[in-house]
Amino acid sequence: MSNILLIEPNYKNKYPPLGLMKISYFHRKILHDYVRFTKGPLPDSVGEIQWDHVYVTTLFTFEWAETIKAINYAKTLVDDLSQITVGGIAATLLPDDIFEETGIHPCCGLLNEPGKLGLPGDECIDGLIPDYSILDDIDYNYPFHDAYFLSATKGCGMNCGFCAVKTLEPTYIPYMDIKQKIAAINSEFGPKKDLLLMDNNVLRSQNFDQIIDDIIASGFGKGATYISPKTGKRVKRHVDFNQGLDGNLFTEEKAKRLGEIELRPARIAFDHIEDRDTYERALRLCAKYGINELSNYVLYNSEDFDGKGKKYQADTPENLYERMRITLDIRDDLNKDRDEKNRVHAFSFPMRYIPLNAHERGYIGSHWNAKYLRSVQCMLIPTQGKGVGSRSFFEADFGRSAEEFVRFLAMPERMLQARGHFVEKLRKDEALEDFENRKSQYLKNQRAIAKWGDLFDSMDDDERSQFIALIGDNEYVPEKFFTMQTEKQKKLYLFYLTIPRTFALLGLINRNSPTYALLKSYIREEFPEFYQELLAYLATSDSQQQYIFRNFMNFFGKSGVNDLLMHIKDSDFDADSPMKRWDAVCKKDGIWFIDFELIRIYRRFVEIEVLTEKDHEQSQDAIADMDMMRLAQILNENMTVFQKRLLEIVDQEKGKSILESLASSIFENMQLKLESFLEM
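Calculation rules
- Residues numbered from 1 in each chain as written.
- Predicted model: local features only at pLDDT ≥ 70, side-chain atom pairs only at ≥ 80, totals over all residues.
- Heavy atoms only, no water.
- Helix = DSSP H or I, 4+ residues; strand = E, 2+ residues; numbered from the N terminus.
- Rg over C-alpha atoms; globule rule 2.2 N^0.38 Å.
- Buried < 20%, exposed > 50% of the residue type's maximum accessible area, 1.4 Å probe, protein only.
- Contact = heavy atoms within 4.5 Å.
- Pairing = 2+ DSSP bridges.
- Axes fitted to C-alpha atoms, helices over the stretch in contact; angles between N-to-C directions.
- Parallel < 35°, antiparallel > 145°, perpendicular 65-115°, else oblique.
- Left-handed = near helix turned anticlockwise from the far one by under 90°.
- Nonpolar A, V, L, I, M, F, W, Y, C, P; charged D, E, K, R; others polar.
- Expected span 1.5 Å × (residues − 1).
- Phe/Tyr/Trp six-rings, centres within 6.5 Å; stacked < 30°, edge-to-face > 60°.
- Core = buried A, V, L, I, M, F, W, Y, C linked by side-chain atoms within 4.5 Å.
- Salt bridge = Lys/Arg side-chain N within 4 Å of Asp/Glu carboxyl O.
- Right-handed = clockwise from strand over helix to strand, strands pointing away.
- Disulfide = S-S within 2.5 Å.
- Polar contact = N/O pair within 3.5 Å; in protein donor to acceptor, adjacent residues only side chain to side chain.

Things to note about the overall build of the protein chain
When you go through the protein chain residue by residue, the secondary structure sums to 28 helices and 14 strands. Computed over the C-alpha atoms, the radius of gyration of the protein chain is 34 Å, more than 25% above the 26 Å expected from 2.2 N^0.38 for a compact globule of 680 residues. The principal-axis extents of the C-alpha atoms in the protein chain amount to approximately 100 × 65 × 50 Å. A buried classification covers 51% of the 680 residues belonging to the protein chain. Residue pairs in contact within the protein chain that sit at least 24 positions apart in sequence constitute 72% of those at least 6 positions apart.

Right, here's the structure in full:
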């Protein structure tokens, strides 16, 4: 008996590794070996085992880093590289790349030919049932696991340029008996809830009717249910041709037969706008025969492709929008005369095109840019992977027209996420104060979005195109500001910078340049809310670096410091940690019109309630006016009371806290500071 380890790289995926599950069945049931499965490295609890052979599966090529990491980990578990077999999708598509990085020649394609693993009978592996027991070896929970993972056909034959099936499954096999495999799975591992068929083009099969008959005979006819072994309750089942159905091959008869099984959903690709008529016909045929849950894959970011006997053009952002809208238009038309029970539901799943040889996800199509692609990702976040099926959501998130969609794509990411309607009611366990703060922030965001929109829309076409080209790389650094050609572009670019990068930009601008006057006027007068955002960051960020305050003070001058003081006046100048940093900058740069250390001392007087109401008010006014002499006089006059009061509470928590915060400024040092200030 050999010790066999199966490794799936530690990437996120919805479905368990079918190839490893079949290999496990082969070794465990036919060769009677010991088999262990891990996702990523083995847990420490497994201990040290001498592995006779390690199998590593691969999935998408853009999971390259995690894949190579898993292979290199496997190399630490064996004495010889010949004890490692690497297979799967990425290994089949990029075998030379795998060898170059790891020194291992992958096993390419399906395990349906003799000798691929060098084991007797290995040609049968692809036809075996999966070993579901290996899923108990790991803690990872695949979203889809309680299902029969099978194929009724292999291959496709359409040879689409963007698709890997022609390489992975080059030979079309029109029929595979699923009835026997379902029976075997039931016997070995118990019944499963759903039937996931991994066929790439089942509609092409001349045995299509037989396949439908097999599905029905296996307990997945229309309205199928079964008794769950976990709960003992009767639950609904469904069939899913997970790789999709080819709209080009839909006929009246095939749609009718699909309507005889519990198909949910019918997945029909809408990869190109040129397929609109074919796609619509397929959806209408499905609905005609009682298939009321429809779904599509919408490929975007693609290039020119040949496939299905056609020439397809590279898609544009407008194409993506139109295809999603078309799905909703067809659905609404189908539902015009349907009651609630028989309504058609249709969902779009945009899928970003990545070349078959890509080692990462960064590919950008000829009609796209990095900014647009990132914006689409942001728009899809609220769907949580469930697709776009609501018109109200679609129009709010993607826009009411293709033009508005493209406009949204150019919007700063934080504004994209701040769109939508405000829910005028308290959330669960939400306090009224929190509700008011949330509403205030929402209204603030909407005003900023409107401000961005006014600027963006006021540019002419050439100016706007130039701006989009400049932000297209989705990289927003202060230095890029100086590549902006017009005043509107410069103003608009501020919306894309983070607050720290905005402060960094202020430090790069020459006070004698026209840009200085432009920005200062825009920030303080035209966009005061943005100015308040800068002030709020200064007043609340405990981790700000010294350059932030220095750049702010150098850019806005004494009036800016006055604005900052007025901003924190409502909190009675309670900004101890930031003021400590501001004071260090002022002392280092020789700035004496403000003394933040003196204001910090004032806060100690306030904390133990030393000042009379009159002295308190006069101190606040002195700080707001930056009259440090007057502030020092007031504090000095109250020093004796301060010392006495602090000694009274020194053993209390408040007293200890003040002692710690004052540190070397207590008593003598504080007194010296006040006296020296008064002598200036």
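Still more ground to cover, so stick around.
Digging into the pairing of strand β11 (residues 293-300)
Across the eight residues that make up β11, a large majority, seven, are buried. One ladder, built from two bridges, connects strand β10 (residues 266-267) with β11; its direction is parallel. The residue of β11 that forms the bridge with A266 is L294. Where β11 lies against strand β14 (residues 345-352), eight bridges are found, and the strand directions are parallel. By the bridge assignment for β14, V298 is matched with P350.

A short note on the sheet that holds strand β1 (residues 3-8)
With parallel pairing, the four strands of this open sheet are ordered in space as β2-β1-β3-β4. The open sheet has two edge strands, β2 (34-39) and β4 (84-88), and neither has a second partner. For this sheet the average axis-to-axis angle between neighbouring strands, irrespective of direction, equals 20°. Bridge count for strand β3 (residues 53-58) against β4 is five bridges, and the pairing is parallel. Counterpart to V54 in the pairing with β4 is I84. Along the sheet, helix α1 (residues 18-30) makes contact with β1, β2 and β3, crossing β1 at roughly 175°. Sitting on the sheet, helix α2 (residues 64-75) is in contact with β1, β3 and β4, with an inclination near 180° to β3.

Comments concerning the environment of G157
Tracing the backbone through its elements, the reader meets G157 in the loop between β5 (147-150) and α5 (165-168). Through-space distance from the C-alpha of G157 to that of F347 is 27 Å; in sequence the pair is 190 residues apart.

Looking at the packing of helix α19 (residues 514-526) against helix α21 (residues 546-567)
Put simply, α19 and α21 touch, their axes get as near as 12 Å, and they point 15° apart. When the axis of α19 is compared with that of α21, the two are roughly parallel. At the point where α19 passes α21, the crossing takes the right-handed sense. Across the interface between the two elements, Y516, L519, K520, I523 and R524 from α19 touch F555, F556, S559 and D563 from α21. Partitioned by chemical class, the residues of the contact of α19 with α21 number five nonpolar, one polar and three charged.

Description of helix α20 (residues 528-540)
Spanning 13 residues, α20 covers 18 Å between terminal C-alpha atoms, matching the ideal 18 Å at 1.5 Å per step. Listed in full, the buried residues belonging to α20 are F530, Y531, L534, L535, L538 and A539. Against α18 (499-506), α19, α21 and α22 (576-589) lie the buried residues of α20.

Quick look at the packing of aromatic side chains
Under the defined criterion, the tally for this structure stands at 38 aromatic pairs. Considering the side-chain rings of Y34 and W51, the 6.3 Å spacing of their centres and the 20° angle between planes classify their relative orientation as stacked. One end of the pair, Y34, is in strand β2; the other, W51, is in the loop between β2 and β3, with 17 residues separating them in the sequence. Note on W51: relative accessible area 2%, which makes it buried.

Re the nonpolar core
Residues L565, I594, F596 and I599 are the most contacted members of the largest nonpolar core, which totals 100 residues. When residues in this core are grouped by element, the largest group, nine residues, is from α21. When residues no more than four places from it in sequence are discounted, the contact partners of I599 are L565, F573, M579, I594, I623, M628 and L631. Of all hydrophobic cores here, the second largest spans 65 residues; its members include Y142, A147, V202 and L245.

A short note on helix α24 (residues 613-624)
Here α24 contains twelve residues, and its C-alpha end-to-end distance of 17 Å stays within 8% of the 16 Å for a straight helix at 1.5 Å per residue. Residues of α24 that are buried in the fold lie against α21, α23 (596-607) and α25 (628-637). Just past α24, the residue M626 takes up positive phi, approximately 55°.

Observations concerning the sheet that holds β14
Taken together, the three strands give an open sheet; going across it, the order is β10-β11-β14, and neighbouring strands pair in parallel fashion. Two strands in the sheet have a free side with no partner beyond their single neighbour: β10 and β14. Sheet strands in contact with helix α10 (residues 317-334) are β11 and β14, and its direction is about 170° off that of β14.

Description of the pattern of salt bridges
Enumeration over the complete set of coordinates arrives at 50 salt bridges. When the shortest N-O distance is used, the salt bridge between K179 and D177 registers 3.3 Å. Residue D177 is classed as partly exposed on the basis of its relative accessible area, which comes to 22%. Taken together, the salt bridges that share partners define one network made up of E322, R325, D329, R331, D332, R391 and E395.

A look at unusual backbone geometry
With omega at -5°, the peptide bond leading from R264 into P265 counts as cis. For P265, the location among the structural elements is in the loop between α8 (252-258) and β10.

A look at the pairing of β2
Buried residues dominate β2, accounting for five of its six residues. Sheet topology note: the β1/β2 ladder contains six bridges and is parallel. Bridged to I7 within β2 is T38. You can see the chain leave β1, run along α1 and come back into β2, and the turn it takes is right-handed.

With respect to the state of the cysteines
On inspection of all chains with the given rule, the structure shows zero disulfides. Between C108, a cysteine without a disulfide, and C107, which holds the nearest cysteine sulfur, the sulfur-to-sulfur distance is 6.9 Å.

Looking at the packing of α24 against α25
With their axes 8 Å apart at the nearest point, α24 and α25 run at an angle of 155° to one another. Comparing the axis directions of α24 and α25 gives the class roughly antiparallel. The crossing of α24 and α25 is left-handed. Along the contact surface, α24 presents D615, Q618, S619, A622 and I623, while α25 presents M628, R630, L631 and I634. Grouping the constituent residues of the contact of α24 with α25 by class yields five nonpolar, two polar and two charged.

Things to note about the side chain of Q489
Here Q489 shows up in helix α17 (residues 487-493). At 2.8 Å, the side chain of Q489 forms a polar contact with the side chain of Q466. Beyond its immediate chain neighbours, meaning those up to four positions away, Q489 contacts M459, E463, Q466, F467 and M484.

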